[in-house]
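Spelled out, the chains give:
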Amino acid sequence: MSNQNVKSLDVSAKTVDEAIEQGLAQLQLRRDQVDIEVIKEGKRGVFGIGAEDAVVRLTPRSRPSAEQAEQKAPPQPPADNQPAEAPPATTPVEEVARRHLGALLRYMGIKAEIKVKSAPELVEGNEEAPLVLDITGRDLGILIGRQSQTLRALQYILRLMVSKEMGSWQPVIVDVESYRIRRHQSLRRLAERMAERAVANKRRVVLEAMPAYERRIIHLALKDHPAVYTKSVGSDENRKVTIIPK
Amino acid sequence: MGDLKELTLQMARAVVNNPDAVRVEEVEGASMIVLELSVAPEDMGRIIGKDGRVANAMRTLLRTSAAKDGKRVNLEII
């Protein structure tokens, strides 16, 4: 994998127009913010025989807009044989993550947009706000899956891809239609409610099985609670948070 | 329509140390697609991952993608 194409993006699709649309969606730029070069026109073929995908190269123009310029690293000056700056160090994680996630979704046959944001809602205390890639579009429930299994797989694979290219571990977060943020908030409310119930009934409350990071949210939500403490019981897929009155 | 073979290649190449040695063969049946993935011997551990985590994540994404077209998929690492 190379970092050569940080300044431009090659996209292939059935038609030139489709490829341009997909590329613009990935870059989150408008048509007038990029230079478009058609590398292959693509062929329709006969009954799919001899069909060839169209390939276009999109190169963001140096001054896209004030808003975009804020989010993206400034364009690099032309390389003047200056060995001092190694390309991987200057490649922004955001661009790499967006490119890989865009490729994964495309090969999964999913049409969607990727929005990059930081999500202070998702962190506890003074942890650094992570980079979140939020996938938006229609009918994306399949991207979440049972117990958010698919979403977690997508995030795990993307982290491997991005970290490999960047040369260091990159804990980027993948979200679908802000599912994680909504889930985070509802888990915190659930924790409060169940803690009240545990105290009122003087009995422990066992929550449904959850993946590790969701259990963590419950544990953290109640860690300073005056009247209950929490513990996870069970193993693997069946591990459940238990809220116990003190 | 997704491209399961390309999806497998992309994921596998990003995990291994020898991306050029990654091979994927796709065998498509009526309702079942079999993907045979091979990597350099020294990359076997990386492609499977601790407790099969990498391989399982790849399977989950392949399954999701195939299910959209009403198909099942079987990823075999050989």
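Below: a short report on this structure.

**Digging into the overall build of chain A**
Reasoning step 1: Per the secondary structure count, chain A includes 7 helices and 9 strands.
Reasoning step 2: Taken across its 246 residues, chain A has 41% of its residues classed as buried.
Reasoning step 3: Here the analysis covers contacts within chain A between residues at least 6 apart in sequence; of these, 61% occur between residues at least 24 apart.
Reasoning step 4: Per element, the accessible surface of chain A, about 14100 Å² overall, is 50% carbon and sulfur.

**Structural notes on the packing of helix 5 (residues 149-166) of chain A against helix 1 (residues 4-15) of chain B**
Reasoning step 1: Between helix 5 of chain A and helix 1 of chain B, the shortest axis-to-axis distance is 8 Å and the interhelical angle comes to 55 degrees. One way to sum up the angle between helix 5 of chain A and helix 1 of chain B is to call them oblique. The element helix 5 of chain A and its partner helix 1 of chain B pack so that their crossing is left-handed. Facing Ile157(A), Leu160(A), Met161(A) and Lys164(A) of helix 5 of chain A, the residues of helix 1 of chain B in contact are Gln10(B), Met11(B), Ala14(B) and Val15(B).

**Quick notes on the packing of aromatic side chains**
Reasoning step 1: Going through the model one piece at a time under the given rule, you end up with 0 aromatic pairs over all chains.
Reasoning step 2: For the cation-ring pair, Arg106(A) lies above Tyr107(A), with the distance from its terminal atom to the ring centre recorded as 5.3 Å.
Reasoning step 3: Here the basic side chain of Arg53(B) rests over the ring of Tyr156(A), its NZ or CZ set 4.0 Å away from the ring centre.

**Regarding the sheet that holds strand 8 (residues 228-233) of chain A**
All names here are of chain A.
Reasoning step 1: Here we have 3 strands laid out as an open sheet, ordered 7-9-8, and antiparallel in their pairing. Each of the sheet's edge strands pairs with one partner strand only, and the pair in question is strand 7 (205-209) and strand 8. Sheet twist, expressed as the average angle between the axes of neighbouring strands with direction ignored, equals 20 degrees.
Reasoning step 2: Relative to strand 9 (residues 240-245), strand 7 is paired through 3 bridges, and the arrangement is antiparallel. Along strand 9, the bridge assignment pairs Ala-209 with Lys-240.
Reasoning step 3: Strand contacts of helix 6 (residues 179-201): strand 7, strand 8 and strand 9, with the helix running at about 155 degrees to strand 7, the strand carrying the most contacts.

**A look at the sheet that holds strand 2 (residues 32-38) of chain B**
Residue and element names in this part refer to chain B.
Reasoning step 1: Sheet architecture is open: 3 strands sit in the order 1-2-3, paired in mixed fashion. The outermost strands of the open sheet, each flanked by one partner alone, are strand 1 (23-28) and strand 3 (72-77). Going from strand to strand, the sheet's axes swing by 15 degrees on average, the running direction of each strand aside.

**A short note on helix 3 (residues 53-67) of chain B**
Reasoning step 1: Between its terminal C-alpha atoms helix 3 of chain B stretches 21 Å, which fits the 21 Å expected from 15 residues at 1.5 Å a residue.
Reasoning step 2: Buried within helix 3 of chain B we find Val54(B), Ala55(B), Ala57(B), Met58(B), Thr60(B), Leu61(B), Leu62(B), Thr64(B), Ser65(B) and Ala66(B).
Reasoning step 3: Turning to helix 3 of chain B, the residues buried within the fold contact helix 4 (93-108) and helix 5 of chain A together with helix 1, strand 2, helix 2 (44-48) and strand 3 of chain B.

**Considerations on the side chain of Arg159(A)**
Residue and element names in this part refer to chain A.
Reasoning step 1: Following the sequence through the fold, Arg-159 ends up in helix 5.
Reasoning step 2: Under the relative-accessibility criterion, Arg-159 is labelled buried at 17%.
Reasoning step 3: Polar side-chain contacts of Arg-159 include one of 2.7 Å to the backbone oxygen of Val-172.
Reasoning step 4: Not counting residues within four places of it along the chain, the set of residues in contact with Arg-159 comprises Trp-169, Gln-170, Pro-171, Val-172 and Ile-173.

**With respect to unusual backbone geometry**
Residue and element names in this part refer to chain A.
Reasoning step 1: Phi at Asp-139 is positive, roughly 55 degrees, even though this residue is not glycine.
Reasoning step 2: Note on placement: Asp-139 falls in the loop between strand 5 (131-136) and helix 5.
Reasoning step 3: Classification of Asp-139 as exposed rests on a relative accessible area of 69%.
Reasoning step 4: Residues other than glycine seldom take positive phi values, yet Ser-148 does so here, at roughly 50 degrees.
Reasoning step 5: Classification of Ser-148 as buried rests on a relative accessible area of 1%.

Reading guide: rules and limits
In this convention, every chain numbers its residues from 1, walking through the sequence in written order. Written order decides the labels, with chains lettered from A and ligands numbered from 1. Where totals are concerned, whole chains, interfaces and linings use all residues; where local detail is concerned, this predicted model gives features only for residues with pLDDT of at least 70, and gives and counts side-chain atom pairs only at 80 or more. The side-chain figures draw on all heavy atoms in the structure; neither hydrogens nor water molecules are used. Helix numbers and strand numbers start at the N terminus; a helix is a DSSP run of H or I with at least 4 residues, a strand a run of E with at least 2. To sort residues, take the accessible area from a 1.4 Å probe on protein chains only and compare it with the maximum for the residue type: under 20% means buried, over 50% means exposed, and anything in between is partly exposed. Contacts: residue pairs with any heavy atoms within 4.5 Å of one another. Only the protein chains shown count as cover for residues, and the accessible areas themselves come from Shrake-Rupley with a 1.4 Å probe. The axes are straight lines fitted to the C-alpha atoms, using for helices just the contacting stretch, and the angles between their N-to-C directions are given from 0 to 180°. Working rule for angles: under 35 degrees goes down as roughly parallel, over 145 as roughly antiparallel, 65 to 115 as roughly perpendicular, anything else as oblique. The sense of a crossing depends on the near helix, which, turned anticlockwise from the far helix by less than a right angle, makes the crossing left-handed and, turned clockwise, makes it right-handed. Note on aromatic pairs: the rings of Phe, Tyr and Trp (six-membered ring only in Trp) are paired at centre separations within 6.5 Å, and the planes decide the class, stacked below 30 degrees, edge-to-face beyond 60, tilted for the rest. Either the NZ atom of lysine or the CZ atom of arginine qualifies as a charge over a ring when it sits within 6 Å of the ring centre and within 35 degrees of the ring normal. Any two strands with at least two DSSP bridges between them are considered paired. Helices are assigned an expected span. That span is 1.5 Å times one less than the residue count. Pairing of N or O atoms within 3.5 Å defines a polar contact, subject to two protein rules: one partner must be a possible hydrogen donor and the other a possible acceptor, and residues neighboring in sequence count only if both atoms are side-chain atoms.

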